[in-house]
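Next come the chains, spelled out residue by residue.
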Amino acid sequence: MDKKKMIAVIGDAGVQETDKKFRLAFDLGRLLIDAGYRVVTGGRGGIMVAASAGARDSEAWSPGDIIAILPGNDPEEANPAADIVIPTGLDIARNMIVAQADAVIAIGGGAGTLSEIAMAWSMKRLMVAYRVEGWSGQLADTKIDNRQRYRDDRDDRVFGVDNAFEAVGIIDEYLPLYNRRQRAAV
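Values in this document were obtained by computation on a predicted structure and should not be read as measured data.

**As for the overall build of the protein chain**
Right, so step 1: Counting its secondary structure elements, the protein chain contains 6 helices and 7 strands.
Right, so step 2: In the protein chain, the succession of α and β elements from N to C terminus is β-α-β-α-β-β-α-β-α-β-α-β-α.
Right, so step 3: C-alpha extents for the protein chain along the principal axes are approximately 40 × 40 × 40 Å.
Right, so step 4: Each of the 186 residues in the protein chain was classed as buried or not, and the buried ones make up 51%.
Right, so step 5: Counting only contacts in the protein chain whose residues sit at least 6 apart along the sequence, the fraction spanning at least 24 positions is 66%.
Right, so step 6: About 9,200 Å² of surface is accessible on the protein chain, with carbon and sulfur atoms providing 51% of the total.
Right, so step 7: Averaging the positions of the 23 positive and the 27 negative side-chain charges in the protein chain gives two centres separated by 8 Å.

What follows is the structure in structure tokens.
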């Protein structure tokens with residue numbers, strides 16, 4: 001049995017249900033589960049709860065498909081759609097764990113999102129960013145730096161998208177190519 005790939009959805013923690021970004025994250029969460037992926041978030045509000053709720057709304061959802069990596073110690077802080085809750089007690093350092101997903105999709109975001117993007121880029125993860133206000137919009141369709149993360153991929157960049165269908169299409173197409181992992185310094 002193949003393991004389901006984990007896709008992190010990151011972005012604005014303060015986004016309300018009436019915000020366009022909330023709907024984008026909800027649709028993305030649902031479509032990721034429909035496509036056979038697991039959804040990983042920081043487990044709290046805004047984009048995180050929207051993506052988790054969308055994932056739970058998928059007819060393909062099954063228990064264990066929605067993973068919340070919390071910054072604090074209290075599992076009760078997780079949004080109600082999370083299936084697996086991992087309280088880390090690491091505060092913002094938990095962003096490193098979120099960035100360990102197989103791919104990372106950003107929707108908007110502030111400094112915390114920027115740190116996750118930078119870590120995921122450094123760890124050679126496939127990066128997708130929505131063209132909306134926030135760090136995702138600023139970094140969509142760019143390279144974070146000049147390093148060549150994959151010798152055979154001159155097209156490596158933060159792939160910019162406008163909707164969930166484009167995001168999942170990028171994940172489906174490119175994820176098999178983004179299979180290297182950062183090695184720890186010894």
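**Regarding the nonpolar core**
Right, so step 1: Residues Leu28, Leu32, Ile105, Leu126, Tyr130 and Ile171 are the most contacted members of the largest nonpolar core, which totals 35 residues.
Right, so step 2: Elements supplying a minimum of two residues to this core: strand E1 (6-11), helix H1 (20-34), helix H2 (47-57), strand E5 (103-107), strand E6 (126-130), strand E7 (158-161) and helix H6 (164-174).
Right, so step 3: Of the residues forming this core, the biggest block, 7 residues, is contributed by H1.
Right, so step 4: Formed by 20 residues, the second largest nonpolar core is a distinct cluster that contains Val40, Ala99, Val104 and Ile117.

**Here's the deal with the pairing of E5**
Right, so step 1: Most of E5 sits out of view: 5 of its 5 residues are buried.
Right, so step 2: Judged by which residues are buried, E5 turns out to be covered on both faces: Ala103, Ile105 and Ile107 on one side and Val104 and Ala106 on the other are all buried.
Right, so step 3: Sheet topology places E5 next to E6; 4 bridges connect them, and they run parallel. The residue bridging valine 104 from the neighbouring strand is methionine 127, located in E6.
Right, so step 4: Viewed along the sheet, the connection from E5 through helix H4 (residues 111-122) into E6 turns out right-handed.

**Quick look at the packing of aromatic side chains**
Each aromatic ring pair is characterised by the separation of its centres together with the angle its planes make.
Right, so step 1: Counting across every chain of the model gives 2 aromatic pairs.
Right, so step 2: Here phenylalanine 159 and tyrosine 174 contribute two aromatic rings whose centre-to-centre distance is 4.5 Å and whose plane-to-plane angle is 35 degrees, an arrangement assigned as tilted. Placement of the pair is phenylalanine 159 in strand E7 and tyrosine 174 in helix H6, with a sequence separation of 15 residues.
Right, so step 3: Owing to a relative accessible area of 14%, tyrosine 174 belongs among the buried residues under this scheme.

**Focus: the packing of H1 against H2**
Right, so step 1: For the pair H1 and H2, interaxial distance at closest approach is 6 Å and the crossing angle is 40 degrees. Here H2 runs oblique to H1, going by the angle between their axes. The element H1 and its partner H2 pack so that their crossing is right-handed. Contacts from Lys21, Phe22, Ala25, Phe26, Gly29, Arg30 and Ile33 in H1 reach Ile47, Val49, Ala50, Ala51, Ala53, Gly54, Ala55 and Asp57 in H2.
Right, so step 2: Tallied by class, the residues present in the contact of H1 with H2 amount to 10 nonpolar, 2 polar and 3 charged.

Parameters and conventions
Residues numbered from 1 in each chain as written. Predicted model: local features only at pLDDT ≥ 70, side-chain atom pairs only at ≥ 80, totals over all residues. Heavy atoms only, no water. Helix = DSSP H or I, 4+ residues; strand = E, 2+ residues; numbered from the N terminus. Buried < 20%, exposed > 50% of the residue type's maximum accessible area, 1.4 Å probe, protein only. Contact = heavy atoms within 4.5 Å. Areas by Shrake-Rupley, 256 points an atom, 1.4 Å probe, with all protein chains shown as cover. Lys, Arg positive; Asp, Glu negative; His and termini not counted. Charge placed at Lys NZ, Arg CZ, Asp CG, Glu CD. Core = buried A, V, L, I, M, F, W, Y, C linked by side-chain atoms within 4.5 Å. Pairing = 2+ DSSP bridges. Right-handed = clockwise from strand over helix to strand, strands pointing away. Phe/Tyr/Trp six-rings, centres within 6.5 Å; stacked < 30°, edge-to-face > 60°. Axes fitted to C-alpha atoms, helices over the stretch in contact; angles between N-to-C directions. Parallel < 35°, antiparallel > 145°, perpendicular 65-115°, else oblique. Left-handed = near helix turned anticlockwise from the far one by under 90°. Nonpolar A, V, L, I, M, F, W, Y, C, P; charged D, E, K, R; others polar.

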